[in-house]
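The chain contents come next:
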Amino acid sequence: MSRDTTMDVCAQSHQTIRILVDDRESRSPVLDALKDRDGVDVQVRRLPVGDYLIDDRFLFERKTLIDLTISIKDGRLFSQGMRLAGSPLRTALILEGTSKDLAASQMRREAIQGALVSLTLFLGIPLLRAMDPRETARLMLYAARQGRQFETGAYPRKGRRARGKTRLQNHILQGLPGIGPRRAKRLLERFGSIEAVVTADPGELAEIEGIGEVTAAAIRWAVQEAAGYFLLDDDECLPI
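Predicted model, so just to flag it, every value in this text is computed and none were measured. (Residues numbered from 1 in each chain as written. Predicted model: local features only at pLDDT ≥ 70, side-chain atom pairs only at ≥ 80, totals over all residues. Heavy atoms only, no water.)

Q: Explanation requested: helix 8 (residues 181-191) in the structure shown.
A: Spacing of three or four residues puts side chains on the same side of an α-helix, whose turn is 3.6 residues. The complete set of buried residues in helix 8 reads Ala184, Leu187, Leu188 and Phe191. Buried residues along helix 8 cover an arc of 95° about the axis, so they all sit on one side. Across from the buried face of helix 8, at angles greater than 90 degrees, the exposed residues are Arg182, Lys185 and Glu189. Its buried side turned inward, helix 8 meets helix 7 (164-173), helix 9 (194-199) and helix 10 (202-206). At the C-terminal side of helix 8, Gly192 shows a positive phi close to 90°. (Buried < 20%, exposed > 50% of the residue type's maximum accessible area, 1.4 Å probe, protein only. Helix = DSSP H or I, 4+ residues; strand = E, 2+ residues; numbered from the N terminus. Arc of directions from axis to C-beta. Contact = heavy atoms within 4.5 Å.)

If you want it as structure tokens, here you go:
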């Protein structure tokens, strides 16, 4: 790293980190942990998506393990995931707590794993783990600082990130089951937006070249907000 780059990284790391916190998190101990840190400007307001917006760049949804099980049961988890996946920002889910927190939930481990598979593999939302609220706060601040280092070229970047709305839409659609670059392009050409794709009925989806009834049904399963089923290891379907 050159001397100029090193100086830029140091300057960036000392800049105030700006954090917007959703007002529904106003009583969270994470907010107190953030306020205790130097070089952090915290403001509380209503966010349309997510719980914490860091440096206008990173958007985090925070859930305790108990929150996760509740949102699986009431069907909110996937709709929240869809909104996160549709954001132009870099998004992540922070899952907070330990296995002891799940003792009273009476939810099978397989159901939780199924939900996380949907969020991470199908919707492409990164998952971060934290033991407690203070570690959640540290994770978000780490992300802010490392994001600034990437901006200055302190870290090598692999591949290309989608630029422009159309490329971003293609990228998001490829998180759906059975959808690659070509099929994502055909879906956008036919329906015009991600919203139109996820609200289309299976018959309309099946008309797209290369998709067919099986893939159309898988897409509808992935985007439906109503209660669904997770397939367990013993081929049992568990309702959520």
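After presenting the structure, the write-up continues.
Q: It is not clear to me how the environment of Ala144 should be interpreted in this structure. Could you clarify?
A: Mapped onto the elements of the fold, Ala144 is located in helix 6 (residues 133-151). Separated by 127 residues in the primary sequence, Ala144 and Ile17 place their C-alpha atoms 7.1 Å from one another. Apart from the residues within four sequence positions on either side, Ala144 is in contact with Ile17, Ile54, Asp55, Arg57 and Phe58.

Q: So what exactly am I meant to see when it comes to the sheet that holds strand 5 (residues 90-96) here?
A: The strands making up a sheet are joined through hydrogen bonds of the backbone, oriented either antiparallel or parallel. Read across the open sheet, the 6 strands follow the order 2-1-3-4-5-6; overall the sheet is mixed. Every interior strand has two partners, whereas the edge strands, strand 2 (40-45) and strand 6 (127-130), have only one. Between one strand axis and the next, the sheet turns through 25° on average, direction left out of account. Bridge analysis of strand 5 against strand 6 gives 4 bridges, and the strand direction is parallel. Within strand 6, the residue paired with Leu93 across the bridge is Leu127. In this fold helix 3 (residues 65-73) packs onto strand 4 (58-64), strand 5 and strand 6, with an angle of close to 90° to the strand it touches most, strand 4. Contacts from helix 4 (residues 76-85) reach strand 4 and strand 5, with the element oriented near 165° to strand 4. (Pairing = 2+ DSSP bridges. Axes fitted to C-alpha atoms, helices over the stretch in contact; angles between N-to-C directions.)

Q: Looking at this model, I keep getting lost on the pairing of strand 4. Mind explaining?
A: The side chains of a regular strand alternate, residue by residue, between the two faces of the sheet. The buried count for strand 4 comes to 6 of 7 residues, which makes it a mostly enclosed element. Sheet topology places strand 3 (residues 52-54) next to strand 4; 3 bridges connect them, and they run antiparallel. Looking at the pairing, Tyr52 lines up with Phe60 of strand 4. Pairing between strand 4 and strand 5: 7 bridges, direction parallel. For Thr64, the partnering residue across the bridge sits in strand 5 and is Glu96.

Q: I would appreciate a short explanation of the pattern of salt bridges in the present structure.
A: Pairing between side chains of opposite charge can happen when the charged atoms of each approach one another. A full pass over the atoms with the stated rule returns 11 salt bridges. We note a salt bridge from Arg148 to Asp55, for which the minimum N-O separation is 2.9 Å. You can see Arg148 sitting in helix 6 and its partner Asp55 sitting in the loop between strand 3 and strand 4, a full 93 residues away along the chain. (Salt bridge = Lys/Arg side-chain N within 4 Å of Asp/Glu carboxyl O.)

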